[in-house]
Amino acid sequence: MSIDQVTPVAATDPDGLRGAFGTFATGVTVVSVGGPLPHGMTANSFTSVSLDPPLVLVCVDRRAVMHDRLLASGVFGVSVLADDQEKVARHFADRRRPLGAAQFDTVEWTPGRVTGAPLIDGALARFECAVWQVYDGGDHSIVTGRLLSAERRGDDDPVLFLRGRFRRVAAEPSGVAT
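None of the values given here were measured: they were computed from a predicted structure.

Caption draft 1: Fine view of the packing of aromatic side chains. In this structure the tally under the stated criterion is 3 aromatic pairs. With a centroid separation of 5.2 Å and an interplanar angle of 45 degrees, the aromatic rings of Phe92 and Phe104 are classed as tilted. In this pair, Phe92 is assigned in helix H3 (residues 86-93) and Phe104 in the loop between H3 and strand E7 (109-111), connecting sequence segments 12 residues apart. Each member of the pair, Phe92 as well as Phe104, is classed as buried. Between Phe104 and Trp109, the aromatic rings sit 5.7 Å apart at their centres with planes inclined by 55 degrees, giving tilted as the arrangement. When its relative accessible area of 35% is taken as the criterion, Trp109 is described as partly exposed. Members of the aromatic cluster, joined through ring pairs, are Phe92, Phe104 and Trp109.

If you want it as structure tokens, here you go:
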């Protein structure tokens with residue numbers, strides 16, 4: 001790559017940073033809390049942190065409805081979406097969707113057996129977590145959760161998010177003998 005193909009991005013340019021950060025493909029999840037004010041949110045800022053103890057993290061915008069609901073609940077669910085669940089991801093990313101239990105009316109889900117948090121049916125993996133630690137992440141909170149339960153479904157492909165768009169995995173021969 002020649003130097004003239006590189007586009008500098010100022011650390012103070014939110015749109016430029018969003019574009020640069022968007023070059024990293026991520027999976028797509030729905031983070032959810034149950035209780036009297038259930039809520040769901042599409043999140044691609046989810047990752048495993050530790051196996052011992054089993055920890056995950058999710059980053060939540062401090063201005064999002066989910067932020068205060070998650071912290072007040074103390075427990076949450078994470079559903080890792082399959083490649084045929086883009087519609088679900090779009091639904092929970094839509095700020096015009098109804099709030100409370102009504103936002104789950106158009107989605108198949110099951111209450112988590114440990115936390116009661118809504119877990120999306122058909123997801124590749126579903127986790128229930130208790131809030132472990134919360135860290136300052138600028139305009140977001142970095143919420144780590146201790147795993148309370150986990151389940152995995154098959155070997156289907158995930159829906160991906162890359163450069164501001166949902167994507168699907170394109171199966172290509174690996175060149176490795178199996």
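Still to come is the rest of the account.
Caption draft 2: Highlighting the nonpolar core. Ranked by internal contacts, the top residues of the largest apolar core, which has 18 residues, are Val31, Val58, Met66, Leu70 and Phe76. Those elements giving two or more residues to this core turn out to be strand E2 (29-33), strand E3 (39-43), strand E5 (54-61), helix H2 (65-73), strand E6 (75-80) and strand E9 (125-137). Contact partners of Met66, with chain neighbours within four places excluded, come to Val31, Ser32, Val33, His39, Gly40, Met41 and Val60. Val28, Val30, Phe104 and Val107 belong to the second largest nonpolar core, which has 10 residues in total.

Caption draft 3: Examining H3 more closely. Buried residues of H3: Val88, Ala89, His91 and Phe92, and no others. Considered in projection along H3, the buried side chains sweep an arc of 160 degrees and stay on one side of the axis.

Caption draft 4: Structural context of the side chain of Ser79. Along the polypeptide, Ser79 turns up in strand E6. With sequence-adjacent residues up to four places away left out, Ser79 is seen in contact with Val28, Thr29, Val30, Leu119, Ile120, Ala123, Ala125 and Arg126.

Caption draft 5: Representation of the pattern of salt bridges in the model. This model, assessed by the stated rule, comprises 8 salt bridges. When the shortest N-O distance is used, the salt bridge between Arg63 and Asp61 registers 2.8 Å. Linking Asp156 and Arg153 is a salt bridge whose minimum nitrogen-to-oxygen distance equals 3.0 Å. Residue classification places Arg153 among the partly exposed residues on the basis of a relative accessible area of 32%. Ionic contacts of the salt-bridge type, sharing partners, join the residues Asp121, Arg126 and Glu151 into one network.

Caption draft 6: Quick peek at the environment of Val9. If you trace the backbone, Val9 turns up in the segment before helix H1 (14-21). Overall, Val9 belongs to the partly exposed group, its relative accessible area being 36%. With 11 residues separating them in the primary sequence, Val9 and Ala20 have C-alpha atoms 7.7 Å apart.

Caption draft 7: View of H2. All of the buried residues in H2 are Met66, His67 and Leu70. The buried side chains of H2 occupy one side of the element, clustering within an arc of 105 degrees when seen end-on. What points out from H2, more than 90 degrees from its buried face, is the exposed set Asp68 and Ala72. Buried residues belonging to H2 abut E2, E3, E5, E6, E9 and strand E10 (140-152). With its phi angle positive at about 80 degrees, Gly74 sits one or two positions after the end of H2.

How each quantity is defined
- Residues numbered from 1 in each chain as written.
- Predicted model: local features only at pLDDT ≥ 70, side-chain atom pairs only at ≥ 80, totals over all residues.
- Heavy atoms only, no water.
- Phe/Tyr/Trp six-rings, centres within 6.5 Å; stacked < 30°, edge-to-face > 60°.
- Helix = DSSP H or I, 4+ residues; strand = E, 2+ residues; numbered from the N terminus.
- Buried < 20%, exposed > 50% of the residue type's maximum accessible area, 1.4 Å probe, protein only.
- Core = buried A, V, L, I, M, F, W, Y, C linked by side-chain atoms within 4.5 Å.
- Contact = heavy atoms within 4.5 Å.
- Arc of directions from axis to C-beta.
- Salt bridge = Lys/Arg side-chain N within 4 Å of Asp/Glu carboxyl O.

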